[in-house]
Amino acid sequence: MPSHDVLIIGAGLAGQRAALSAAEAGASVAIVSKVHPVRSHSVAAAGGINAALNPEDSWESHAFDTVKGSDYLGDQDAIEIMAQEAPSEILYLEHIGVTFHRNESGHLGTRAFGGASAARTYYVADITGHAILHVLYEQLMKRSEQIDSYEEWFTTDLLLNDDGRCIGAICRDLRDGTLQVFNAKATILASGGCGQVYKPTTNGLIVTGDGIAQAYRIGAKLMDMEMVQYHPTTLAGNGLLITEGARGEGAWLLNAKGERFMEKYAPNKFELASRDVVSRAEQTEINEGRGFEDGTVALDITKVPRRRTLEALREIVNIGRDFAGVDITREPIHIKPGMHYIMGGVKTDADGQTTIPGLYAAGEVACVSVHGGNRLGANSLLDTLVFGRRSGHHAAIRAVQMTMPTTPTSRVTETERDIAAIMNREQGGRRIGAIKNELGETMNEYVAVFRDEAGLLKAHEIVRRLKEEAKTAAIDDRGSIFNQDVIGAIELGYMLDVAETIVVAALERKESRGAQWRLDFPGRNDEEWLKHIDISANGGDVPQVSYSPVTITRWQPEERTY
Ligand SMILES: Cc1cc2nc3c(=O)[nH]c(=O)nc-3n(C[C@H](O)[C@H](O)[C@H](O)COP(=O)(O)OP(=O)(O)OC[C@H]3O[C@@H](n4cnc5c(N)ncnc54)[C@H](O)[C@@H]3O)c2cc1C
């Protein structure tokens with residue numbers, strides 16, 4: 001039975017950074033990932049990572065932009081920490097080998113990103129996540145004496161002892177289907193977001209909200225779950241992302257009449273307003289009949305010099321050509337807002353501690369909350385690294401002073417029984433894929449850029465029905481070797497739980513703030529709603545709602561214009 005000081009579930013940027021920092025603090029570490037670590041979804045991150053490293057910039061300016069971007073729902077103490085620690089994180093990455101772009105004078109160069117008052121996004125062309133993930137993985141291998149990597153192991157359950165402390169997890173080896181208890185003094189969830197709850201989404205098929213649901217099921221509080229980000233530039237139909245880096249380099253948004261419509265909505269920032277503002281502007285143009293027939297508007301990247309596009313945006317040149325048949329260096333490409341990111345997640349403090357003792361969370365699975373109602377582009381990679389490192393360090397320092405907990409191996413029997421029950425379901429129910437599609441399309445219809453009570457109630461009713469249908473959805477593969485069918489059934493359960501918490505939180509917040517735009521409650525209402533919505537299971541069948549205060553340190557809420 002594997003036993004480690006610190007168990008990390010997830011090997012994207014948050015997980016790998018947590019593992020390195022825990023190992024540096026002297027802990028023995030296990031890192032578990034359902035895919036090979038460099039296939040974690042962080043590999044898709046494109047445009048860059050924010051830090052106020054330039055002497056003319058300041059961490060205060062970065063923090064304020066983030067607070068404003070969050071529509072004043074972000075916790076300012078945590079945002080200050082993130083902005084203050086950002087420069088050293090970039091330098092750490094550079095020193096271990098990340099080949100950040102350098103400008104003509106040989107210094108680290110930046111590009112502009114939305115909602116920022118300075119160009120403070122550091123990048124590696126439009127493959128920033130790929131570049132960082134591979135360099136961190138080298139470091140992980142270098143520390144293999146201290147860090148055991150369990151690649152292609154799937155975590156099914158988090159374990160609690162009788163005192164309600166998290167003491168590890170149960171994981172399934174995907175190669176042969178065996179289950180193992182992983183004992184740990186501290187467990188860090190770094191299992192990413194939940195994009196697949198929506199269809200389409202910019203997120204890959206592996207992003208199924210596992211960690212959010214697992215924490216919720218053992219009683220951890222979730223926070224800001226209503227805050228789901230629609231990215232302004234995704235391809236219609238398949239949801240593929242055209243990075244914000246394109247607008248950072250100078251691309252324009254145009255409606256079907258050829259008008260640069262952002263002038264109306266954000267006269268100072270145009271295309272570089274924050275994402276919630278730009279997505280709403282696009283959706284308004286589309287809804288009011290100024291979009292194209294395919295329900296899109298256009299992104300004109302020909303405004304960027306061709307040479308620069310080929311050098312700094314080469315991935316989206318490929319995406320445009322391969323997935324839309326468009327040469328973006330010569331003609332505009334049709335785009336629309338698409339689901340991209342969840343600001344909410346497992347509620348943590350600035351050291352990653354959740355409301356369950358012994359359980360930490362970092363990265364997109366977590367809600368610190370540094371993004372509040374709306375995340376600024378290029379602040380997520382920063383969040384994964386800063387809070388991944390802090391969680392790893394805190395967990396390790398605590399863990400090395402504790403004795404190793406043990407879990408009876410009989411605990412595995414319960415999970416074995418659950419998996420056997422899935423395998424033995426009779427054919428005849430709905431297909432897993434059909435339920436998943438209906439879920440994604442429902443969320444994309446009713447819990448999207450614009451919301452209202454009638455739509456949210458409808459979404460809730462559908463999610464509840466799908467939960468029932470999922471109980472009898474049969475699978476075809478009854479084998480043990482790489483049985484992705486059974487994993488798909490388990491992931492569907494996670495997605496349905498996560499979807500319900502999103503819908504319940506969106507119904508609860510009766511105002512418009514950040515990504516939550518309620519047509520029936522237009523306008524921000526600080527008097528009643530300047531607070532977080534916390535969601536927990538509390539043993540009940542329907543998510544329970546409570547509230548917690550927003551931490552304000554130095555920036556009082558004011559009108560938000562761009
Ligand atoms: C297309 C795209 C482009 C983006 N570009 C940027 C950008 O330029 N800048 C920016 O700041 N942000 C960007 N983002 C957002 C950012 O990439 C993510 O928020 C971030 O990478 C999430 O990292 P993570 O470590 O939290 O999770 P992930 O990288 O998603 O890793 C999750 C890990 O958990 C593991 N896991 C999940 N469930 C289980 C389970 N049940 N058992 C075992 N392992 C499990 C996975 O295998 C994986 O290793 C982008 C997002 C997308 C989709």
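Preceding block: the structure.
Here is a short report on the structure shown in this document. The shown structure was predicted, so the numbers you read here are calculated from the model rather than taken from an experiment.

1. Thoughts on the site of the ligand
Within the structure, the ligand sits among 38 residues, and Ser40, Ser42, Gly47, Glu364 and Ser380 are positioned closest to it. Between the ligand and Ser42 there is a distance of 2.5 Å, counted from an oxygen atom to a side-chain nitrogen or oxygen. Those elements that provide at least two residues to the shell around the ligand are helix H1 (13-24), strand S2 (29-33), strand S7 (153-160), helix H5 (210-217), strand S14 (333-342) and helix H11 (380-399). Residue classes in the shell around the ligand are distributed as 15 nonpolar, 19 polar and four charged.

2. Brief notes about the pattern of salt bridges
Overall, the coordinates contain 48 salt bridges when judged by the stated rule. Across the pair Glu89 and Arg17 runs a salt bridge whose closest N-O atoms are separated by 2.6 Å. Of the two residues, Glu89 is situated in helix H3 (residues 76-96) and Arg17 in helix H1; the sequence distance between them amounts to 72 residues. With respect to class, Glu89 is no different from Arg17; both count as buried.

3. Considering the packing of helix H14 (residues 453-470) against helix H15 (residues 484-508)
At a minimum axis separation of 10 Å, H14 and H15 run at an interaxial angle of 160°. For the element pair H14 / H15, the angle class is roughly antiparallel. By crossing handedness, the relation of H14 to H15 is classed as left-handed. Where H14 approaches H15, its residues Glu453, Leu456, Leu457, Ala459, His460, Val463, Arg464, Leu466, Lys467 and Ala470 are matched on the opposing element by Leu492, Leu496, Asp497, Ala499, Glu500, Val503, Val504, Ala506 and Leu507.

4. Quick look at the nonpolar core
Formed by 81 residues in total, the largest nonpolar core has its most connected members in Leu189, Val197, Tyr198, Met443, Val447 and Ile502. Looking at this core, the element that brings in the most residues is H15, giving 16 residues. The residues touching Val447, leaving out its near neighbours within four places in the chain, are Tyr198, Tyr230, Thr442, Leu456, Ala459, Ile502, Val503 and Ala506. Of all hydrophobic cores here, the second largest spans 60 residues; its members include Ile8, Ile96, Ala131 and Phe387.

5. As for H11
A rise of 1.5 Å per residue sets the reference length of H11, with its 20 residues, at 28 Å; its end C-alpha atoms lie 27 Å apart and thus fit the reference within 8%. Among the 20 residues that make up H11, 17 are buried, leaving the element largely enclosed by the rest of the structure.

6. Some details on the packing of aromatic side chains
Scanning the entire structure with this criterion turns up eight aromatic pairs. Between Phe154 and Tyr494 the ring centres are 6.5 Å apart and the planes differ by 20°, which places this aromatic pair in the stacked class. Here Phe154, found in strand S7, pairs with Tyr494, found in helix H15; they are 340 residues apart in sequence, far enough to count as distant. In terms of burial, Phe154 and Tyr494 fall into one category: buried.

7. Some remarks on the packing of helix H13 (residues 432-446) against H14
Put simply, H13 and H14 touch, their axes get as near as 10 Å, and they point 170° apart. Relative to H14, the element H13 lies roughly antiparallel. On the side of H13, the interface is formed by Ile435, Glu438, Leu439, Thr442, Met443 and Tyr446, while H14 contributes Gly455, Leu456, Lys458, Ala459, Ile462, Val463, Arg465, Leu466, Glu469 and Ala470.

8. Side note on empty space enclosed by the protein
As enumerated under the stated definition, the model contains one cavity of 30 Å³ or more in all. Only strand S11 (228-234) and helix H8 (275-287) provide two or more residues apiece to the lining of the largest cavity. No other element matches the four residues that H8 contributes to the lining of the largest cavity. Here the lining of the largest cavity is composed, by residue class, of four nonpolar, three polar and three charged.

9. Quick look at the sheet that holds strand S13 (residues 297-300)
The strand order across the open sheet built from four strands is S11-S14-S13-S12, with neighbouring strands paired in antiparallel fashion. Every interior strand has two partners, whereas the edge strands, S11 and strand S12 (252-254), have only one. Averaged over all adjacent pairs, the angle separating strand axes in this sheet is 45°, with direction ignored. The sheet strands contacting H8 are S11, S12, S13 and S14, and the helix crosses S11 at an angle near 65°.

10. Remarks on unusual backbone geometry
Cis geometry marks the peptide bond from Lys199 to Pro200, where omega comes out at 0°. Relative to the elements of secondary structure, Pro200 occurs in the loop between strand S9 (179-189) and H5. Here the bond from Val368 into Ser369 is cis, since omega is 0°, no more than 30 degrees from zero. Within the element layout of this structure, Ser369 appears in the loop between strand S17 (366-367) and H11. One non-glycine residue, Phe270, lies in positive phi territory at about 50°.

Definitions and cut-offs
- By convention here, each chain's residues receive numbers from 1 onward along its written sequence.
- A pLDDT threshold of at least 70 governs which residues receive local features in this predicted model, and a stricter bar of 80 or more applies before side-chain atom pairs are shown or counted, although totals over entire chains, interfaces and linings include all residues.
- Calculation of side-chain values draws on the structure's entire complement of heavy atoms; hydrogens and water are dropped beforehand.
- Any residue with a non-hydrogen atom lying within 4 Å of a molecule or strand is treated as near it.
- In the analysis that follows, any N or O atom pair within 3.5 Å is treated as a polar contact, provided that within protein one partner can donate a hydrogen and the other can accept it, and provided that, for residues neighboring in sequence, both atoms belong to side chains.
- A helix here means a DSSP run of H or I that spans at least four residues, while a strand means a run of E at least two residues long, and both kinds are numbered starting from the N terminus.
- Each residue gets one of three labels, nonpolar for Ala, Val, Leu, Ile, Met, Phe, Trp, Tyr, Cys and Pro, charged for Asp, Glu, Lys and Arg, and polar for the others, Gly among them.
- In what follows, salt bridge is the name for a side-chain nitrogen of Lys or Arg lying within 4 Å of a carboxyl oxygen of Asp or Glu.
- Each residue is assigned to one of three classes by its accessible area relative to the maximum for its type, calculated with a 1.4 Å probe on protein chains only: buried under 20%, partly exposed between the two thresholds, exposed over 50%.
- Lines fitted to the C-alpha atoms define the axes, with helices restricted to the stretch that makes contact. Angles between their N-to-C directions range from 0 to 180 degrees.
- Comment on the angle field: the value is read as roughly parallel under 35 degrees, roughly antiparallel over 145, roughly perpendicular from 65 to 115, and oblique elsewhere.
- Two helices cross in a left-handed way if the nearer one is turned anticlockwise from the farther one by less than a right angle. They cross in a right-handed way if the turn is clockwise.
- Contacts are residue-level and defined by heavy atoms, with any inter-residue pair within 4.5 Å sufficient.
- Residues enter a nonpolar core if they are buried and are Ala, Val, Leu, Ile, Met, Phe, Trp, Tyr or Cys, with the set joined through side-chain atoms within 4.5 Å.
- An expected span of 1.5 Å times one less than the residue number is assigned to each helix.
- A pair of Phe, Tyr and Trp rings is counted when the ring centres sit within 6.5 Å of each other, with Trp represented by its six-membered ring. The angle between the planes then sorts it: under 30 degrees is stacked, over 60 is edge-to-face, the rest tilted.
- Cavities and pockets were defined on a 1 Å grid built from protein atoms only: a cavity is a group of points that admits a 1.4 Å probe but offers it no way out, a pocket is an open group of points flanked by protein on both sides within 12 Å along at least five of seven lines, and a lining residue is one with an atom within 4 Å of any such point.
- Grid points are joined across faces, edges and corners, and a volume is the space filled by probe spheres set on the points.
- For two strands to pair, DSSP has to find at least two bridges joining them.

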